[in-house]
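For reference, the chains in residue letters:
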Amino acid sequence: MIGMVLAAGAGRRLRPDTATLPKALLPVAGEITILDLTLRNLAMAEMTEVVIVVGHAADRIADRVAGFERSYGIAIELVHNDRAEEWNNAYSLWLAREYLGRGVLLVNGDTVHPVSVEKTLLAASTAAAAGRDEALLGRLIIAIDDIKQLADEEMKVVLDARGRLLRITKAMDPSQAHGEYMGATLIESSAALGVADALEATWRQDPGLYYEDGFAEFAKRGGEVLAAPIGAVQWVEVDDHADLRRAREIAPRC
């Protein structure tokens, strides 16, 4: 299994900080960036290889690859999204489809959270494999926060009685959701083809859609998408400057 980080977005709500810098390289603890924390977590989860999908200001990440590899004992490969300024992240993840067959621990490049999130996903995958028949089209396990009070902006999830995904969207009544998807997923190797096909159908339908829409399409086609609650964890998705301030409060404790 390998790690994967989506870090292609333009981060427009964080300008001017992100005018020439990817969101993932914003500092959150001295010189430590969001991407530092993400790569550290993946290394602590025993990922020795990491793919980073880059787009906006990709050269700034490329310039730091050698340093990241030395710091975290990992090998890094970059996948370039030349449409990152125009299209959404369903396309970004699809561009990295050739790696999905190895099994992927996927993390959004704009979240600050402790490594317990990655470890929760790995443990949930082991438990699912031991306790159930192999899913026909493969299995995804998404990390959700089922404690946080939800509002309009969050990527909300609805689950069935067995904890499987029924719906994932921002556009729903928060009171009807079981929790928030927090930007980390374990994609089992058996799901590679199904996920790639669902992502392609998603971005071809509308390149402005999210990869979470691709996950919903995967589930609609018969793939299994399970939810793993992360527990009482402090974390934040960095979308704007208020989130960045919160990230700088959380990061020293991660």
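See above for the structure.
The rules behind each value
- Residues numbered from 1 in each chain as written.
- Predicted model: local features only at pLDDT ≥ 70, side-chain atom pairs only at ≥ 80, totals over all residues.
- Heavy atoms only, no water.
- Core = buried A, V, L, I, M, F, W, Y, C linked by side-chain atoms within 4.5 Å.
- Buried < 20%, exposed > 50% of the residue type's maximum accessible area, 1.4 Å probe, protein only.
- Helix = DSSP H or I, 4+ residues; strand = E, 2+ residues; numbered from the N terminus.
- Contact = heavy atoms within 4.5 Å.
- Pairing = 2+ DSSP bridges.
- 1 Å grid on protein atoms, 1.4 Å probe; cavity = no way out; pocket = protein on both sides within 12 Å on 5 of 7 lines; lining within 4 Å.
- Points joined across faces, edges and corners; volume = space filled by probe spheres on them.
- Nonpolar A, V, L, I, M, F, W, Y, C, P; charged D, E, K, R; others polar.
- Arc of directions from axis to C-beta.
- Phe/Tyr/Trp six-rings, centres within 6.5 Å; stacked < 30°, edge-to-face > 60°.
- Salt bridge = Lys/Arg side-chain N within 4 Å of Asp/Glu carboxyl O.

Things to note about the nonpolar core
Grouped together as the largest cluster of nonpolar side chains are 47 residues, with contacts concentrated most on Val5, Val28, Leu35, Leu39, Ile52, Val112 and Leu121. In terms of residue count, the dominant contributor to this core is helix α1 (residues 34–44) (5 residues). Aside from chain neighbours lying at most four places away, what touches Leu121 is Leu105, Ile141, Ile142, Ala143, Ala184, Thr185, Leu186 and Ala228. In this structure, Met155, Leu159, Ala198 and Phe215 belong to the second largest nonpolar core, which totals 39 residues.

Remarks on the pairing of strand β9 (residues 156–159)
Side-chain alternation along β9 places Lys156 and Val158 on one buried face and Val157 and Leu159 on a second face that is also buried. Two strands pair when backbone bridges link them, and β9 and strand β10 (residues 165–169) are joined in this way by 4 bridges, in the antiparallel orientation. Looking at the pairing, Leu159 lines up with Leu165 of β10. Hairpin remark: β9 followed by β10, antiparallel, with 5 residues in the connecting loop; positive phi at Gly163, about 80°. Two strands pair when backbone bridges link them, and β9 and strand β11 (residues 179–187) are joined in this way by 2 bridges, in the antiparallel orientation. In the strand pairing of β11, Val157 is matched with Gly179.

Focus: the layout of surface pockets
One number sums up the size of the largest pocket: a volume of about 750 Å³. Considering the residues around the largest pocket, the lining is formed by 33 residues, among which Gly9, Lys23, Asn88, Asn89 and Asp110 are closest to the centre. Those elements that place two or more of their residues in the lining of the largest pocket are β1 (2–7), α4 (89–95) and β11. For the lining of the largest pocket, the leading source of residues is β11, giving 4 residues. Taken together, the residues of the lining of the largest pocket sort by class into 12 nonpolar, 9 polar and 12 charged.

Details of the environment of Glu118
Along the chain, Glu118 turns up in helix α5 (residues 116–131). Once the C-alpha coordinates of Glu118 and Thr185 are considered, the two residues, 67 residues apart in sequence, prove to be 8.4 Å apart. In this structure, Glu118 is in contact with Asn41, Leu42, Ala45, Leu105, Val107 and His113, ignoring residues within four places of it in sequence.

Focus on helix α3 (residues 65–72)
Buried residues of α3: Val65, Phe68 and Tyr72, and no others. Buried residues of α3, viewed axially, fall in a sector of 60°; they line one side. α3 presents Arg70 and Ser71 as exposed residues on the side facing more than 90 degrees away from its buried surface. Lining the buried residues of α3 we find α1, α2 (58–62) and β5 (75–80). Just downstream of α3, Gly73 is the residue with a positive phi angle, here 65°.

What about the packing of aromatic side chains?
Within the structure shown, the criterion is met by 7 aromatic pairs. With centroids separated by 5.0 Å and ring planes inclined at 75°, the aromatic side chains of Tyr91 and Trp203 adopt a geometry described as edge-to-face. Placement of the pair is Tyr91 in helix α4 and Trp203 in helix α6 (residues 192–205), with a sequence separation of 112 residues. The exposure classification of Tyr91 matches that of Trp203, with both residues buried. Relative to Tyr211, the ring of Tyr181 has its centre 6.2 Å away and its plane inclined at 90°; by these criteria the two rings are edge-to-face. Placement of the pair is Tyr181 in strand β11 and Tyr211 in helix α7 (residues 211–220), with a sequence separation of 30 residues.

Structural notes on the pattern of salt bridges
Scanning the model with the defined rule gives 13 salt bridges in all. One salt bridge connects Arg139 with Glu224, and the closest N-O pair in it is separated by 2.8 Å. You can see Arg139 sitting in strand β8 (residues 139–145) and its partner Glu224 sitting in strand β12 (residues 224–229), a full 85 residues away along the chain. The residues Arg139 and Glu224 share a single accessibility class, namely buried. Arg204 is paired through a salt bridge with Glu200; the nearest N and O atoms lie 2.9 Å apart. A residue pair is termed a helical-turn pair when its members lie 3 or 4 positions apart in one helix, as Arg204 and Glu200 do in helix α6 at 4 residues. Residue classification places Glu200 among the partly exposed positions, given a relative accessible area of 25%. Here the residues in one salt-bridge network are Arg13, Lys23, Asp110 and Asp239, joined through shared partners.

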